[in-house]
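Structure assessment
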Amino acid sequence: PATNYRTSQMQQQKVFSKTLWILLAINILNFYDRQVVGSLTEPLRRDFQLSDTQIGLLGSAFTWLYAIVGLPLGRVADKWNRKYLLAGGVSIWSAMTAFAGISNTYSELMISRLGVAVGEAVCAPAAASWIGDQYPPDQRSKPMSIFMLGVPIGISLSLFLSGPIAQAYGWRVAVMAAAAPALLMVPAVLWMKEPARGASEAHLGATAKSSPWSILRMPTMWWIILSGGLVNFVMYTISTFVPALLSRVHHLSLAQTGLVTGVALAVGGISGGSIAATLGDKIIRGRRDGRMRWAAIMAMCVVPMSLLFIMQAPGAWLLSGIFIGITYALLNSYYGLVYPSLQDIVPPDLRATAMAIYFLAMYALGGSFGPLLTGKLSDTLAWRAAREAGSAVLTEQAKATGLLQAMFVIPVLAAGLAIVLYAGSKTILKDSRRPVQ
C-alpha cells in the first residue's frame, strides 16, 4: 500500500507539473499580447499621430474593462469549469489582438484592446484558483512565482520580437505575429484535469458556502488591494513608457529599445520571481507574516534603484538598462510573496472571486491610471520644457524631457507601496485565523 501511495503521489506531481507549465505558457502569451502595443508605441504614435495621453488611454481603457469584467468572470471561475473558461478566454484575446493588425483608425485600435481585455480577464483568477487547489499553503510561493514569470517573460518576448519584426516588416505584421501562438494553447488547456475545490486543504471543505462579502471584512485584503494598485501603476508605467524613454532620451532605434528593455525585464523579472519562489515558502514556515514583510523590504529597495535608472545621462543606455532590470526584479518579487499571502486568508471556494475583487480594485486604482496619468504628466511637462526653451511647438527634445521627468512617479509610489505592505504584514496573522462566514 505504501508503494502504491508513493507511486500515486509521483504521478499526481507529474500531472501538477505539466499543468503548471501549461498555465505558465498561457500567462506568457497573455502578457505578450497585452504588451504588444506598448512595444510598438513609437510606430503607432507616428502612424496614427497620437499624443502620449492617447497612448496612455489605450492602456487605461484596457485595464478599466479588464477590471470590470474580471469580477463576474471570477465568480464564474468559482462555480463553473475553469478549463473551458480558460480556453474561451485564450481564443477571444488572440482574435482581438489580430484585429489590431487590420485597424485603420484610433477607434478600431481601441476596440481591439478592449476585446483583448475581455479575453485576458479570465486568466489570472481561474489560474490562481487552480494553483491554490493543487498546492498547500506552505508550497504556494514557488508555483505562484512560476506562473507569474509569465509577466516578465511575456513582456520581454514581446519587446524582443515585436520591435525587430516591426522594423523589418511593419508594425501590423508584428501584431499578427503576436496573435497566432495563443490559439495553439487551446488544445493543451482542454487536456488539463481540473482539481477539486479545496483539494489541497481538506480541512477547509466545510466552507463551501462562504459569503463573498467576508473577503472585504479582512483588513489584510484591503492592504493587499491598495498594494496592488500601487504596484500595477508602476508596472504599467514601466512597460508602456520605458521603450519610448530609451528611444527619446538615449536615442536607440526601435529594435534596440526592444532588445534593451526586453533583456532588462527578462533578466530582472525572472530573477525577482525566482528569489520570491525560493524565499517565500521558506519564510512562511518560520513567520506567517514573513512574505508580506519581505515584500515591503523589496519595495523600499525599488526607490534608490529606480532613481538611478531615471537619472542617467543621455546616451548611458547600458546603465539605464541595468538599473531598470534591478528595479523590475524587486517589483516582480511582489507576485510570489503577496499572491500566496492573499490565498492564505481566503477559503478555497472564494479564491477566484478574491483575485477578481483584487484585480478590479488594483486596476481601477493603479493599472488603469498608470499609463494615462503618466502620459498626461509627460505631455504637461513636455509643453513646459518647450516653453522654457522658447519654442511654440512641441519638439522631440521637449517630449524627451517631459517623459523623463514624469518617470519620477516610480520611486515616489514605490515608497508608498513599501509602507502599505508593511501595514498588511501587521494584520495578516489575525486574518489568517479569522473564521470565514
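Structure first, text after, so check above.
Criteria and cut-off values
- Residues numbered from 1 in each chain as written.
- Predicted model: local features only at pLDDT ≥ 70, side-chain atom pairs only at ≥ 80, totals over all residues.
- Heavy atoms only, no water.
- 1 Å grid on protein atoms, 1.4 Å probe; cavity = no way out; pocket = protein on both sides within 12 Å on 5 of 7 lines; lining within 4 Å.
- Points joined across faces, edges and corners; volume = space filled by probe spheres on them.
- Helix = DSSP H or I, 4+ residues; strand = E, 2+ residues; numbered from the N terminus.
- Nonpolar A, V, L, I, M, F, W, Y, C, P; charged D, E, K, R; others polar.
- Salt bridge = Lys/Arg side-chain N within 4 Å of Asp/Glu carboxyl O.
- Buried < 20%, exposed > 50% of the residue type's maximum accessible area, 1.4 Å probe, protein only.
- Contact = heavy atoms within 4.5 Å.
- Core = buried A, V, L, I, M, F, W, Y, C linked by side-chain atoms within 4.5 Å.
- Patch = residues over 30% accessible without salt bridge, like charges linked within 9 Å, V, L, I, M, F, W, Y side chains within 5 Å.
- Areas by Shrake-Rupley, 256 points an atom, 1.4 Å probe, with all protein chains shown as cover.
- Phe/Tyr/Trp six-rings, centres within 6.5 Å; stacked < 30°, edge-to-face > 60°.
- Axes fitted to C-alpha atoms, helices over the stretch in contact; angles between N-to-C directions.
- Parallel < 35°, antiparallel > 145°, perpendicular 65-115°, else oblique.

Notes on empty space enclosed by the protein
- Applying the stated rule across the entire model yields 4 cavities of 30 Å³ or more.
- Volume-wise, the largest cavity comes out at about 360 Å³.
- Taken together, 29 residues make up the lining of the largest cavity; nearest its centre are Arg34, Gln35, Phe62, Tyr236 and Ser239.
- Of all the secondary-structure elements, those providing two or more residues to the lining of the largest cavity are α1 (2–39), α3 (52–79), α8 (150–169), α11 (219–250), α14 (317–344) and α15 (351–367).
- Take the lining of the largest cavity: its biggest share by element is 7 residues, from α1.
- Looking at the lining of the largest cavity, its residues break down into 18 nonpolar, 9 polar and 2 charged.
- Considered as a void within the structure, the second largest cavity measures approximately 50 Å³ in volume.
- Every residue along the wall of the second largest cavity is listed here: Gly38, Ser39, Leu40, Thr41, Glu42, Pro243, Ala244, Ser247, Ser253, Leu254 and Thr257.
- If you list the elements that add at least two residues to the lining of the second largest cavity, you get α1, α2 (41–48), α11 and α12 (254–286).
- Here the lining of the second largest cavity is built from residues that sort into 4 nonpolar, 6 polar and 1 charged.

Side note on the pattern of salt bridges
- With the rule as written, the count across this model stands at 6 salt bridges.
- Put simply, Glu120 and Arg34 hold a salt bridge, and the shortest N to O gap is 2.9 Å. Taken together, the positions of Glu120 in helix α5 (residues 106–120) and Arg34 in helix α1 put the pair 86 residues apart, joining distant regions of the chain. You'll find Glu120 and Arg34 in the same group, each marked buried.
- Of the charged contacts in the structure, one is a salt bridge between Arg82 and Glu194, with a shortest N-O distance of 2.5 Å. With Arg82 in helix α4 (residues 82–100) and Glu194 in the loop between α10 (185–191) and α11, this residue pair connects regions lying 112 residues apart in the sequence.
- In the salt-bridge network here, residues are joined through shared partners; they are Arg45, Glu396 and Lys399.

Here's the deal with the environment of Ile275
- As for its position among the elements, Ile275 is in helix α12.
- Taking relative accessible area as the criterion, Ile275 reaches 44% and is therefore assigned partly exposed.
- Taking C-alpha positions, Ile275 is 9.5 Å from Asn332, a pair spaced 57 residues apart along the chain.
- Sequence-distant contacts of Ile275, that is, excluding residues within four places in its chain, are made with Gly280 and Met298.

A closer look at the nonpolar core
- Of all hydrophobic cores here, the largest spans 111 residues; its most connected members are Met221, Tyr339 and Tyr358.
- The dominant element in this core, judged by the number of residues it contributes, is α11, at 16 residues.
- The next biggest cluster of nonpolar side chains, apart from the first, holds 19 residues, and it includes Leu50, Leu58, Met110 and Ala166.

Some points on a nonpolar patch on the surface
- A grouping of Trp317, Leu318, Leu319, Ile322 and Ile326 is seen on the molecular surface, where their side chains present a nonpolar patch of about 450 Å² in accessible area.
- Following the sequence through the fold, Trp317 ends up in helix α14.

A short note on the packing of aromatic side chains
- A full pass over the atoms with the stated rule returns 7 aromatic pairs.
- Considering the side-chain rings of Tyr334 and Tyr335, the 5.8 Å spacing of their centres and the 85° angle between planes classify their relative orientation as edge-to-face.
- Look at Tyr334 and you get buried, because its relative accessible area is 3%.
- On the numbers, 5.3 Å between centres and 75° between planes, the contact of Tyr335 with Tyr339 is edge-to-face. With Tyr335 and Tyr339 both in helix α14, this residue pair falls 4 residues apart, about one helical turn.
- In this structure Tyr335 comes out as buried when scored by relative accessible area, which is 5%.

So, the packing of α11 against helix α16 (residues 369–388)
- α16 packs onto α11 with a crossing angle of 40° between their chain directions and a minimal axis gap of 7 Å. The angle between the axes of α11 and α16 places the two elements in the oblique class. Touching Phe233, Tyr236, Thr237, Thr240, Phe241 and Arg248 of α11 are Phe369, Gly370, Pro371, Leu373, Thr374, Gly375 and Ser378, all from α16.

Keep in mind these values describe shape, not function.
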